[in-house]
Amino acid sequence: MRALTVDLARPGSLSLTELPDPEPGPGELLVEGLAVGICGTDREIVRGEFGTGGKLVIGHESLGRVISGPGFEPGALVAGVVRRPDPVPCVACARGEFDMCRNGQYTERGITALDGYGSTLWTVPSEYAVGVSSSTGVLVEPASVVVKAWERLDRLALVPFESVLVTGAGPIGLLAALIGVQRGLDVHVFDLAADGPKPALVESLGATYHRTLPDHPVVIEATGAPGLVARLLGRDLVCLTGVPSTEVVPVDLGRANRDLVLRNGIVFGTVNANVRHYREAAAVLDRADDAWLSGMITRRVPLESYVEAFEQRPGDVKVVLDL
């Protein structure tokens, strides 16, 4: 099989490598890899800034076709879950909530100590595979992160809310807006892009696009921009999904603390997802307009041109590498 590999000890070592075909174990599916989505985490891994495990097959946003194995018909489209519980286990993993692992000993396909889905063949235990209905199922992994964000918003909201602000119109922000619209909420999206696909994608959802930051009490933050996060700390309920850079910005923590206390505010972070979030993410995509989802995929790259998939180009929303 062909696989995208990196040596985490050597930044810039991304290569297309011939590896032995995998042999499925008991309870595992053998899957033909069809596509992987490329995100900022993948680019950080290639640059040697993130990830553990020495030599690694990368790719965690997956789409494949089942060849054989239990629980799925041959030919079924599936996406693979990324995280696995730690072996100790911690208090969260012991309850099946491995996406909330407390001791950091989890593993992750294509990120942390486990080979990923960026190969023409891969295996996965059937309980960590989720059925999808079309090629846009490659968006299930980022959608699962957003489903988890909404799940936690529901648990933490002090009062019901009818409006939400999403900051950032990248894949996570757009999928967060999609779910908000599916819930019947008044959805507002803030991004700096004046043209390109982002404003049109937001507006075609029926959401409102802004280039100046609106004053909304409930926010899903999907940029990871430290300066923007600092401006949001006084809101009523803020979900942080973006992983920030190391940029240092001045923050009046005293004022932020005062605003949070006096407003009974909540700020929380969320990342990764559990199997139930993947299943709900597949349902979210099934309810969505497939043409709109396809519009999020602004660039598809063949495997032979894999280097181009890891480049960030103007107008990119989601880049998909076809295997």
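For the structure, see preceding data.
Scope of this entry: the structure provided in the associated data block. (Residues numbered from 1 in each chain as written. Predicted model: local features only at pLDDT ≥ 70, side-chain atom pairs only at ≥ 80, totals over all residues. Heavy atoms only, no water.)

Concerning the packing of helix H2 (residues 140-156) against helix H7 (residues 275-287)
Using the following cut-off: Note on geometry: axes are lines fitted to C-alpha atoms, helical ones only across the stretch in contact, with angles between N-to-C directions running from 0 to 180 degrees. Secondary structure is summarised from DSSP: a helix means a run of H or I of at least four residues, a strand means a run of E of at least two, and numbering begins at the N terminus for each. Orientation is classified from the angle alone, with under 35 degrees giving roughly parallel, over 145 giving roughly antiparallel, 65 to 115 giving roughly perpendicular, and any other angle giving oblique. Contacts are assigned to residue pairs that have any heavy atoms within 4.5 Å of one another. Gly counts as polar in this scheme, as do all residues outside two lists: the nonpolar Ala, Val, Leu, Ile, Met, Phe, Trp, Tyr, Cys and Pro, and the charged Asp, Glu, Lys and Arg.
Running from N to C, H2 and H7 point in directions that differ by 105 degrees, and their axes come no closer than 8 Å. Relative to H7, the element H2 is oriented roughly perpendicular. For the pair formed by H2 and H7, the contact residues are Val-140, Glu-141, Ala-143, Ser-144, Val-147, Lys-148, Glu-151 and Arg-155 on the first element and Arg-276, His-277, Tyr-278, Glu-280, Ala-281, Ala-282, Val-284 and Leu-285 on the second. Here the contact of H2 with H7 is built from residues that sort into eight nonpolar, two polar and six charged.

Notes on unusual backbone geometry
Formally: Under the scheme applied here, a residue whose accessible area is under 20% of the maximum for its type counts as buried, over 50% as exposed, and between as partly exposed, the area being computed with a 1.4 Å probe on protein chains only.
Pro-89 follows Val-88 through a cis peptide bond whose omega is -15 degrees. Looking at the element boundaries, Pro-89 is found in the loop between strand S7 (83-84) and strand S8 (107-109). With phi around 70 degrees, Ala-113 is a residue other than glycine that occupies positive phi space. Assignment of secondary structure puts Ala-113 in strand S9 (residues 113-114). By relative accessible area, which is 44% here, Ala-113 ends up partly exposed. Look at Asn-264: it is not a glycine, yet its phi comes out positive at around 50 degrees. Assignment of secondary structure puts Asn-264 in the loop between helix H6 (253-262) and strand S17 (266-269).

Quick notes on the layout of surface pockets
Selection rule: Lining residues are defined by having an atom within 4 Å of a point belonging to a cavity or pocket. Those points lie on a 1 Å grid over the protein atoms alone, cavities being sets where a 1.4 Å probe fits but cannot get out and pockets being open sets with protein on both sides within 12 Å along at least five of seven lines. Grid points are joined across faces, edges and corners, and a volume is the space filled by probe spheres set on the points.
Here the largest pocket defines a volume of roughly 1,500 Å³. Taken together, 49 residues line the largest pocket, and the ones lying closest to its centre are Cys-39, Gly-40, Thr-41, Ile-172 and Val-243. Those elements that provide at least two residues to the lining of the largest pocket are helix H1 (40-46), H2, helix H3 (171-182), helix H5 (226-232) and strand S19 (318-322). Element by element, the count of residues in the lining of the largest pocket is highest for H1, at four residues. Its residues assigned to classes, the lining of the largest pocket comprises 23 nonpolar, 13 polar and 13 charged.

A short note on the packing of aromatic side chains
Note the cut-off: Two rings from Phe, Tyr or Trp (for Trp, the six-membered ring) form a pair when their centres sit within 6.5 Å of each other. Planes less than 30 degrees apart are called stacked, planes more than 60 degrees apart edge-to-face, and all others tilted.
Under the defined criterion, the tally for this structure stands at three aromatic pairs. Seen in terms of ring centroids, Phe-98 and Tyr-128 are 6.0 Å apart; in terms of plane orientation they differ by 70 degrees. Their pairing is edge-to-face. Of this pair, Phe-98 sits in the loop between S7 and S8 while Tyr-128 sits in the loop between strand S10 (121-125) and strand S11 (129-132), and the two are 30 residues apart along the sequence. The class of Phe-98 is buried, set by a relative accessible area of 6%.

Description of H6
Of all the 10 residues making up H6, one are buried; the element is thus mostly uncovered. Just downstream of H6 lies Asn-264, where phi reads positive at about 50 degrees.

Topic: the packing of H3 against H7
The geometry of H3 relative to H7 is characterised by a closest axis approach of 11 Å and an angle of 75 degrees between their N-to-C directions. Of the possible angle classes, the one that applies to H3 and H7 is roughly perpendicular. Across from Leu-175, Leu-178, Ile-179 and Gln-182 in H3, the residues of H7 making contact are Val-284, Leu-285 and Arg-287. Looking at the contact of H3 with H7, its residues break down into five nonpolar, one polar and one charged.

Quick word on the pattern of salt bridges
Filter applied, for reference: One speaks of a salt bridge when a side-chain nitrogen belonging to Lys or Arg is within 4 Å of a carboxyl oxygen belonging to Asp or Glu.
The full count for this structure, using the stated rule, is 20 salt bridges. The shortest N-O distance in the salt bridge between Asp-259 and Arg-255 comes to 4.0 Å. Placement of the pair is Asp-259 and Arg-255 together in helix H6, with a separation of four residues, close to one helical turn. For Arg-255, a relative accessible area of 58% puts it in the exposed group. The salt bridge involving Arg-287 is made with Glu-280; its shortest N-O contact spans 3.1 Å. Using a relative accessible area of 52% as the deciding quantity, one classes Arg-287 as exposed.

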